[in-house]
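# Tertiary structure, described
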2 protein chains.
Amino acid sequence: MPTFVYDFARGSRDQADLLGGKGANLAEMTRLGLPVPPGFTITTEACRLYLASGEEPPDLGAQVSIQLDRLEERMGRRLGDPSDPLLVSVRSGARYSMPGMMETVLNIGLNDSSVEGLAAIVDDAHFAWDSYRRLIQMFGKTVLDLPGHLFEERLDKSKADAGARLDVDIPVDSLRRLVKDYKAIIRDQTGRDFPQAPREQLDLAIRAVFRSWNTDRARLYRRRERIPHDLGTAVNVQVMAFGNLGEGSGTGVAFTRDPGTGAPGVYGDYLPDAQGEDVVAGIRNTLPLTALGERDPEAYAELLDIMRRLELHYQDLCDIEFTVERGRLWMLQTRVGKRTAAAAFRIAVQLVDEGVIDMDEAVRRVTGAQLAQLMFPRFADDADHDRLARGMSASPGAAVGEAVFDSRTAVEWAASGREVILIRRETNPDDLEGMVAAAGILTSRGGKTSHAAVVARGMGKTAVCGAEDLAVDTLGRQMTTANGTVIREGEVISIDGTSGVVYRGSVPVMDSPVVQYFEEGVASALHGADEGTSDLIKAVDRIMRHADRSRRMLVRANADTAPDAARARRMGAEGIGLLRTEHMFLGDRKHYIERLILADDIEERRQALDALLPLQREDFTRVLEAMDGLPVTIRLIDPPLHEFLPDRTELAVRVALADARGEEHESDLRMLQAVNRLHEHNPMLGLRGVRLGLVLPGLFALQVRAIAEAACERHRLGGDPRAEIMIPLVGSIQELELVIDEASRVLADVAQVHGCTLHFPIGTMIELPRAAVTAGQIAEAADFFSFGTNDLTQTTWGFSRDDVEAAFFSAYLDRGVFGVSPFESIDREGVGALVRMAVDNGRAVRPKLKCGVCGEHGGDPDSVHFFDEVGLDYVSCSPFRVPVARLEAGRASLHAGAAESR
Amino acid sequence: MPTFVYDFARGSRDQADLLGGKGANLAEMTRLGLPVPPGFTITTEACRLYLASGEEPPDLGAQVSIQLDRLEERMGRRLGDPSDPLLVSVRSGARYSMPGMMETVLNIGLNDSSVEGLAAIVDDAHFAWDSYRRLIQMFGKTVLDLPGHLFEERLDKSKADAGARLDVDIPVDSLRRLVKDYKAIIRDQTGRDFPQAPREQLDLAIRAVFRSWNTDRARLYRRRERIPHDLGTAVNVQVMAFGNLGEGSGTGVAFTRDPGTGAPGVYGDYLPDAQGEDVVAGIRNTLPLTALGERDPEAYAELLDIMRRLELHYQDLCDIEFTVERGRLWMLQTRVGKRTAAAAFRIAVQLVDEGVIDMDEAVRRVTGAQLAQLMFPRFADDADHDRLARGMSASPGAAVGEAVFDSRTAVEWAASGREVILIRRETNPDDLEGMVAAAGILTSRGGKTSHAAVVARGMGKTAVCGAEDLAVDTLGRQMTTANGTVIREGEVISIDGTSGVVYRGSVPVMDSPVVQYFEEGVASALHGADEGTSDLIKAVDRIMRHADRSRRMLVRANADTAPDAARARRMGAEGIGLLRTEHMFLGDRKHYIERLILADDIEERRQALDALLPLQREDFTRVLEAMDGLPVTIRLIDPPLHEFLPDRTELAVRVALADARGEEHESDLRMLQAVNRLHEHNPMLGLRGVRLGLVLPGLFALQVRAIAEAACERHRLGGDPRAEIMIPLVGSIQELELVIDEASRVLADVAQVHGCTLHFPIGTMIELPRAAVTAGQIAEAADFFSFGTNDLTQTTWGFSRDDVEAAFFSAYLDRGVFGVSPFESIDREGVGALVRMAVDNGRAVRPKLKCGVCGEHGGDPDSVHFFDEVGLDYVSCSPFRVPVARLEAGRASLHAGAAESR
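These numbers come from a predicted model, not from an experiment.

Attention now goes to the overall build of chain A. Looking only at helices and strands, chain A has 37 helices and 33 strands in total. Counting only C-alpha atoms, chain A reaches 105 × 65 × 60 Å along its principal axes. Burial status across chain A gives 57% buried among its 902 residues. Pairs at least 24 apart in sequence give 68% of the contacts found in chain A among residues at least 6 apart. A total accessible area of about 35,800 Å² is found for chain A, and carbon and sulfur atoms account for 47% of it. Where the 104 positive side-chain charges of chain A centre and where its 136 negative ones centre are 2 Å apart.

Laid out in structure tokens, this is it:
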């Protein structure tokens, strides 16, 4: 029979799988000799067996009895003892933190007689009866599954009758009546009495915690957080410590350093004569931690000593919960503490300088997501501005604009050059255009997986969601805050997508000093910076240098112009992984492509191509100059036909109206005929990429010629141009071979004419499932693979981002189909499996095949780890994400591992 | 050193890899002791070595010398002997037949002096000089790569000068001058003389045949036919036999049975005093084979005896080429003969009845493609109709209609109820609408991979392509035949897509007797049938019965209505593999879905759903009745939203015009707003299938309820309903689990209400790459997999059939990217690899997982073999293709193997 019950003194923090996070840390503190209220942990294994069979494992009851006997012996008190009862808490504690998801029952051991004993011993009847009242209420709700409102309504009535404002103001007599009424509720609802036997209370509470693992709420949480369903939770049974036994008692929460800024020195809150629950309930204002020092210097000194020991022991910032019971300090919980992005960087290097960890570990301690947060613009100084509300930080950044309450107004105002913030109760696909037009999005409902949040993150647009204190009145075109402030359409507000705070008026936005550091170097960023910022810059600098030294993968940027290339280089890019030549024809130059697409015969097409050559040559020359000495992967043109042509419906309407009015419309009509001819039902799956290159003779040859001539020009000027030619949307080796044949002829021709040696690698995008599946064949012809994970995600899942992200991703996230949008972070099991297959099969044929990724996932932290794992040579991402990718590539090499990075 | 040269007496027909098809069969006949002109074969290995290094393998020359010496010794004549020269032919012969792709040189051994010896020996100077002229011409063109027209122009001049109509009418003196001029051409063009040394002629000819393996034409042919490029060709060197040495000589082609009808008895053509080339050139009309019997009974008797021996030896219909040289019979070639579909079936059972083969082999001898051909409607009696031309049989069937010469007219006339045949020189994507509207398509250019052919086959529309004798005048709206007949717009023509023949006027179309056999049984089909048809019906019946007995896979049909289901059952379907519930809402019932899609709130949607329930229940009850006792796989609704809504552009134009005219347009405007809201950029990748089911609450539940209630109703009436529920477009197990949860609740509810036991398997389509890649997970929840290979092909390749088939498939086939459209026959390496992966990974988790296919590939012969190979349990296809699938499934089980079936 396995051991199902571990005394705190027997476990350690390495046993989180078996004892859960809380139990393992309680054991660790006990092992360190810290003052932890004694207790024991029932293992996750016991929970799993219970959930599988619906019954407690046979030996569990006996093991609990043994531990309980020991506990009672050690404490010299017994559960339910009418004179001096031992009270225990029963708390869940799973491997991974699931805050608020599962259940807790306090004060077990109280019953009709022991409540009197407790009152006598602590000499506080109010405390004793309030404790009993709380036990019955929690027990009814948690263990017996009764609706909470039955108890709350009765409690409210009791307060009203007594004229009490707070729970604590209820007189003892009322509490006694309340207990009686609570017991009546339980009898009425369940047909049975509230159990008076403490052991029965305990056993039922343990089972309730087991069962709480499988509530809908907990299952959904795990689906979203990608926590396996088969882990189960541990149960911690611990002697109660009371901070609410008068002025010599109290409770607090503390951090070993400031988790907000990363400044050194302890940081925390203390509340005299209170229990942990009261801190959470926010009934009274907390005092700074030093208040304990003033009241009880001895307990305070002990606490500081313990915190120092814990930090050294855990080698990291710890957060703790403690209680002082009549002068005696008890540690109730510790864990490695959460912190802000800035704090993470500062603390990591502080710990290095204190000799606690090394630089490898410091790099592992920060994340790309934190670095990205530090790089968003933020509000310069928000102190003077009215806070209107706080919501969820749905999509980071800072945005300022006039409040609008419907999509149409957002579009109209934006079109006339005004900055707007779109405010909705919640968004739906109809709001899409307004979201595109707005500078930021604010909703009063929904969380991080709501429609607004998902779509905003997809667009990289600042958003605050679920600001529930705001009453949004769409028809009235205004919103009202909790304190009655009314914001009408047109009034300026500011939203902080990183903190979730909403301000009235225009808060000045400042660029991130971290971006300044990347763009201009450390000296420039330090110039005039305050101490906290200086510390942060130095920490980022040290960590980035070490990450760069440590990483295996190179980092390139996706850049289409020389200025982008130059910026990417400053951000640390080691080349261009994706230059989209069709992007060179947006805006003013659109007509070049339009003319090419609409060419009626060979001669017209030749002319259109001839006009392109000098433009392209010039473009390429500049980019190769900006990236001199570094690889530049140029993707041959992949123009979605419809993006280069007028909208078909608009054009048809215009023609019909002109026709009806007898107006001249010859050129519109001709264009409409062409647009109709070229119309595709599914442009994403249409005549694109290599298909167009093979069907439209001369197009790819022209581009290859422009690249070759640009390279010759750079050679002539003494440069070191390193072009790589990439073919888009290849599905089979035959397509690739046809293009390589054509390209090789052009390269040889240009090389001869210019007397120049041109050795360009020619490779392919892997962005179709078929390319991944047949990668073993394709590798015979390709010098390199570059994974286009955006398109690969679309075709692997069979959905287009344009069409489905807004339409159903929030529903999919809510129902747990996705943990995260597969466009944000690579879908390891599906798309990722194809990437892995292609790399493995490609390298089986060509062992040194260079493999990289140029989809947006190249800048996503979790995805970067995956790409390192499958052995890619580089990731390529937008210039702004290059530092994130560098850091995460370093972390991946340092085996931070996928699990820690998420 | 390997043996590069094999005497015909040393090889056998098993050595086709090494000796090529022709060489192996010549060896086989020699081994059988048949009168084959002696010779030897140079192996494909020698060719491969030559092509790899550009040089002959070192020992080849010496081996050729040894064989040549033996040949000369045996024949008692020597190459180039001025008194009695030995002449040889040099012919290519690869493993797989590549008709007309490679080269031949005849009469090697003639030179300025041996030509006189030949003239003397055969006592025919005209013959000798004409032979020499032919040698130089072939040599110049084939070996020296000179343009053919140089010789042809000189030949034409010679004829003109001599007043000769045919080559044979040229007088001897003119031939002598021609030879002189031909030699001058060679000297002028190459700077060297025509080689007089016979061995030099031979060696150069051998190398030329080697090189002909790699011409562009040959490479393209191989890409299209999926023949590997690295096989190389063999070279056959054989003593010349002359059929053109007077009336006692002649040449012929014969079949051991009639290859057109399959009637027993030999069949062939004979041409006295002629060479094989002359038969091909069609200069004189051939005589029936019996003419040889009348002229030379001895040679004829020998020929019949040889043909009997060959058929018994090859156990199949053989075709042969022979020459009689002054009374002596020579066999020049044999091979298993090509035959029509009807002949294939009749001959196979004749051979069984003659004890030559068994029924297993008879089933292997016919193909599903042949059966499909027999099932198309055909022209009842075309004897009385003018043949206008003959083109390629691009897409089978028979069509009659008025000639139209542009797409627009085709659309307009078809809209007014007229049947039209669209006639174009060649088609391009602009013709698509016209092709859709037409009953058939006729082009004067392009072959089986032309745009017209590819698109017509994709649509299942009759087409004849490349009828090159027709001069199509699009502007003049008419076409002219070779003999000057003019067909104007509006005149009725008939096209036979199976034979490629084009007729003037309306030829009566009759249904296939083979379809009658399948639909009504053998007795009905035999009633009143002529002998040939009776034989055919009986042959088909015997072969189908044996195929059914032999096959492992079941065959189901895709059917959406009770009449379709009943028809499928008559055609032999063993259930329904795909019932598309959205097809139940086309036509009149479209508004039900429209109302559902446009519902503004929950109540409207509930009403729309409620209206659907009785309809669906009734539909399902009828189908379950038609398929009583057999499985019916019902796919929950997968409606492409746009197909149920009006066209956006048309609607926008209507609204704009009404608006401009001040007309009432409220309802159109509301519809337009809804259509705009629901507009998808890529409907194929949009809100479809399970996504819609999860986003539109109640839709799937309604359908499951209708199925369950229908099944209860059938149970009540004593039926045996076997519904299976299938979820469309699943990409992840999470989606499937959510639907299964919902469906299970509904099934339990209906079962309880109706007191009925309902055990429906619930499975999923595998039609997205992600479903295939994660099949191991999905199999945990799915009772069965059904591969939707249409959609899987679209997403794996990333192209939509609607958009790309017409736009670039013909270019892709021409350039060899595809051997065949991946929508016609499964792409084994890409899509097929995903199918195999899904089956293997699914069964690893659930060993008895039932797997089938319901894409159109289920009725494609080659694909059926693939599905057998990967272990599917059944294929499902359209009712009409069920017999084809049954036959091919039988052939697959009998290990006909993939290679033979293509």
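A separate point is the sheet that holds strand β28 (residues 631-635) of chain A. Residue and element names in this part refer to chain A. In spatial order, the strands read β26-β27-β28-β29-β30-β31-β32-β33; together these eight strands close into a barrel with parallel pairing. Across this sheet, the average inter-strand angle for adjacent strands is 30°, counted without regard to direction. Where strand β30 (residues 762-766) meets strand β31 (residues 784-787), three bridges bridge the pair, whose relative direction is parallel. What sits directly across from Met765, in β31, is Ser786. Against the sheet, helix α36 (residues 882-893) touches β26 (554-558) and β33 (874-877), its axis set at about 160° to β26.

When chain A is fitted onto chain B, the two copies agree to an RMSD of 0.2 Å after a turn of 180° and an axial shift of 0.1 Å. What the rotation and shift describe, once combined, is the action of a two-fold rotation axis. Both copies share a contact surface, since 100% of the interface residues of chain A are interface residues in chain B too.

The next point concerns the interface of chain A and chain B. Where interface size is quoted, it is often the accessible area lost as the parts come together. Contacts between the two partners involve 53 residues from chain A and, on the opposite side, 54 residues from chain B. Counting each side, the surface lost to burial between chain A and chain B is near 4,900 Å², with a carbon and sulfur contribution of 61%. Looking only at chain A, the three residues that lose the most surface to chain B are A:Leu685, A:Arg770 and A:Asp803, adding up to 14% of its buried area. The interface formed by chain A and chain B holds four salt bridges in total. The interface formed by chain A and chain B includes 23 residue pairs in polar contact (both at pLDDT 80 or more). Going through the elements one at a time, α25 (648-660), α27 (689-695), α29 (733-754), α30 (769-773), α32 (789-797), α33 (801-814) and α34 (831-845) of chain A are the ones with two or more residues in the side of chain A that touches chain B. Among the elements that take part in the side of chain A that touches chain B, α25(A) stands out by supplying seven residues, more than any other.

Turning our attention to unusual backbone geometry. What you tend to see is this: most non-glycine residues have negative phi, and most peptide bonds are trans. Unusually for a residue other than glycine, A:Asn107 sits at a positive phi of about 65°. Structurally, A:Asn107 is set in strand β6 (residues 104-108).

This next bit is on the state of the cysteines. Residues and elements named next belong to chain A. For the structure shown, the criterion picks out zero disulfides over all chains. Cysteine Cys851 is unpaired, with the sulfur of Cys854 as its nearest cysteine sulfur at 12 Å. By relative accessible area, Cys851 is classed as buried at 0%.

What follows concerns the pairing of strand β19 (residues 462-465) of chain B. Residue and element names in this part refer to chain B. The side-chain alternation of β19 yields two buried faces, one formed by Thr462 and Val464 and the other by Ala463 and Cys465. As judged from the three bridges shared by strand β15 (residues 392-395) and β19, these two strands associate in the antiparallel manner. Each residue of the ladder has a partner; that of Ser395, found in β19, is Ala463. Sheet topology note: the strand β18 (residues 440-443)/β19 ladder contains three bridges and is parallel. Bridge pairing links Leu442 to Val464 in β19. Running through helix α18 (residues 451-459), the crossover from β18 to the neighbouring parallel element β19 is right-handed.

Tracing the sequence through the fold places A:Ala456 in helix α18 (residues 451-459). For the pair A:Ala456 and A:Ile441, spaced 15 residues apart in sequence, the C-alpha separation works out to 7.6 Å.

Moving on to the sheet that holds strand β9 (residues 267-272) of chain A. All names here are of chain A. A sheet is described by the order of its strands in space; here five strands give the open sequence β10-β9-β8-β11-β12, paired in antiparallel fashion. Where the open sheet ends on each side, the last strands, each with one partner, are β10 (287-288) and β12 (328-336). Summarising the sheet, β9 and β10 pair through two bridges and their orientation is antiparallel. If you follow Tyr270 over to β10, its bridge partner there is Leu287. Against the sheet, helix α12 (residues 297-314) engages β8 (250-255), β11 (318-325) and β12, with an angle of about 25° to β12.

Residue and element names in this part refer to chain A. Their axes nearest at 9 Å, the elements helix α5 (residues 125-143) and helix α7 (residues 172-190) cross at an angle of 20°. As judged from the angle between their axes, α5 and α7 are roughly parallel. For the pair α5 and α7, the sense of crossing is left-handed. Facing α5, whose interface residues are Ala125, His126, Trp129, Asp130, Tyr132, Arg133, Ile136, Gln137 and Gly140, α7 presents Val172, Leu175, Arg176, Leu178, Val179, Tyr182, Lys183 and Ile186. Counted by class, the contact of α5 with α7 contains ten nonpolar, three polar and four charged residues.

Next up on the list: the packing of aromatic side chains. Residue and element names in this part refer to chain A. Going through the model one piece at a time under the given rule, you end up with 47 aromatic pairs over all chains. Geometrically, the ring pair formed by Phe139 and Phe194 is edge-to-face, given 5.3 Å between the ring centres and 85° between the ring planes. Here Phe139, found in helix α5, pairs with Phe194, found in the loop between α7 and α8 (198-212); they are 55 residues apart in sequence, far enough to count as distant. Phe194 shares its class with Phe139; the two are buried. Note on Phe809 and Phe823: the rings are 5.9 Å apart at their centroids and 15° apart in plane angle, and the pair reads as stacked. Of this pair, Phe809 sits in helix α33 while Phe823 sits in the loop between α33 and α34, and the two are 14 residues apart along the sequence. Neither Phe809 nor Phe823 differs from the other in exposure class; each is buried. Taken together, the ring pairs connect Trp797, Phe799, Phe808, Phe809, Tyr812, Phe818 and Phe823 into an aromatic cluster. In this arrangement the basic side chain of Arg13 is found over the ring face of Tyr314, its NZ or CZ atom lying 4.8 Å from the centre.

All names here are of chain A. On the secondary structure map, Gly521 appears in the loop between α19 (513-520) and α20 (522-526). The class for Gly521 is partly exposed, based on a relative accessible area of 24%. Separated by 140 residues in sequence, Gly521 and Asp381 have C-alpha atoms that sit 24 Å apart.

The next subject is helix α24 (residues 602-626) of chain A. The terminal C-alpha atoms of α24(A) lie 36 Å apart, and with 25 residues this matches the ideal 36 Å at 1.5 Å per residue to within 8%. Remark: the principal bend of α24(A), roughly 30°, maps to A:Leu613, with a proline, A:Pro614, within the next four residues.

For the rest of this paragraph, the subject is the confidence of the model for chain A. Residues and elements named next belong to chain A. Here chain A averages 91 in pLDDT, and 97% of its residues register 70 or above. Confidence over residues 896-902 falls short of pLDDT 50; this stretch has eleven contacts with residues more than four positions distant or in other chains. Interface confidence for the predicted complex, given as ipTM, is 0.85, next to a pTM of 0.86.

Another aspect to go through is helix α7 (residues 172-190) of chain B. Residues and elements named next belong to chain B. Look at α7: 27 Å from first C-alpha to last across 19 residues, which is about the 27 Å you get at 1.5 Å a residue. Of all the positions in α7, only Ser174, Leu175, Leu178, Val179, Tyr182, Lys183, Ile185 and Ile186 are classed as buried. Once α7 ends, the next one or two residues include Gly191, with phi positive near 75°.

What follows concerns the pattern of salt bridges. Note on pairing: side chains with opposite charge can pair once their charged atoms come close. Applying the stated criterion across every chain yields a total of 131 salt bridges over all chains. We note a salt bridge from B:Arg843 to B:Asp873, for which the minimum N-O separation is 3.1 Å. Of this pair, B:Arg843 sits in helix α34 (residues 831-845) while B:Asp873 is found in the loop between α35 (861-869) and β33 (874-877), placing the two residues 30 residues apart along the sequence. A single salt-bridge network, built from bridges that share partners, covers A:Asp316, A:Arg339, A:Glu361, A:Arg364 and A:Arg365.

With respect to the helices and strands, the residue B:Ser534 is situated in helix α21 (residues 531-550). Residue class for B:Ser534 comes out buried when judged on its relative accessible area of 12%.

With that settled, consider the side chain of B:Thr774. Mapped onto the elements, B:Thr774 comes out in the loop between α30 (769-773) and α31 (775-778). One polar contact links the side chain of B:Thr774 to the main-chain carbonyl oxygen of B:Arg770, over a distance of 2.8 Å. Excluding its chain neighbours within four sequence positions, the residues that come into contact with B:Thr774 are A:Glu829, A:Gly830 and B:Gly731.

All names here are of chain A. Position of Phe127 among the secondary structure elements: in helix α5. Along the backbone, Phe127 and Val172 are 45 residues apart, and their C-alpha atoms lie at a distance of 8.7 Å. Ignoring anything within four residues of it in the chain, the contact list for Phe127 reads Leu118, Val122, Phe242, Asn244 and Leu245.

Criteria and cut-off values
- Residues numbered from 1 in each chain as written.
- Chains lettered and ligands numbered in written order.
- Predicted model: local features only at pLDDT ≥ 70, side-chain atom pairs only at ≥ 80, totals over all residues.
- Heavy atoms only, no water.
- Helix = DSSP H or I, 4+ residues; strand = E, 2+ residues; numbered from the N terminus.
- Buried < 20%, exposed > 50% of the residue type's maximum accessible area, 1.4 Å probe, protein only.
- Contact = heavy atoms within 4.5 Å.
- Areas by Shrake-Rupley, 256 points an atom, 1.4 Å probe, with all protein chains shown as cover.
- Lys, Arg positive; Asp, Glu negative; His and termini not counted.
- Charge placed at Lys NZ, Arg CZ, Asp CG, Glu CD.
- Pairing = 2+ DSSP bridges.
- Axes fitted to C-alpha atoms, helices over the stretch in contact; angles between N-to-C directions.
- Least-squares fit on C-alpha atoms with pLDDT ≥ 70 in both.
- Buried area = accessible area lost by both parts, 1.4 Å probe.
- Salt bridge = Lys/Arg side-chain N within 4 Å of Asp/Glu carboxyl O.
- Polar contact = N/O pair within 3.5 Å; in protein donor to acceptor, adjacent residues only side chain to side chain.
- Disulfide = S-S within 2.5 Å.
- Right-handed = clockwise from strand over helix to strand, strands pointing away.
- Parallel < 35°, antiparallel > 145°, perpendicular 65-115°, else oblique.
- Left-handed = near helix turned anticlockwise from the far one by under 90°.
- Nonpolar A, V, L, I, M, F, W, Y, C, P; charged D, E, K, R; others polar.
- Phe/Tyr/Trp six-rings, centres within 6.5 Å; stacked < 30°, edge-to-face > 60°.
- Lys NZ or Arg CZ within 6 Å of the ring centre and 35° of its normal.
- Expected span 1.5 Å × (residues − 1).
- Bend = angle between axes of the 7 residues up to and from the residue.
- pLDDT = per-residue confidence, 0-100.

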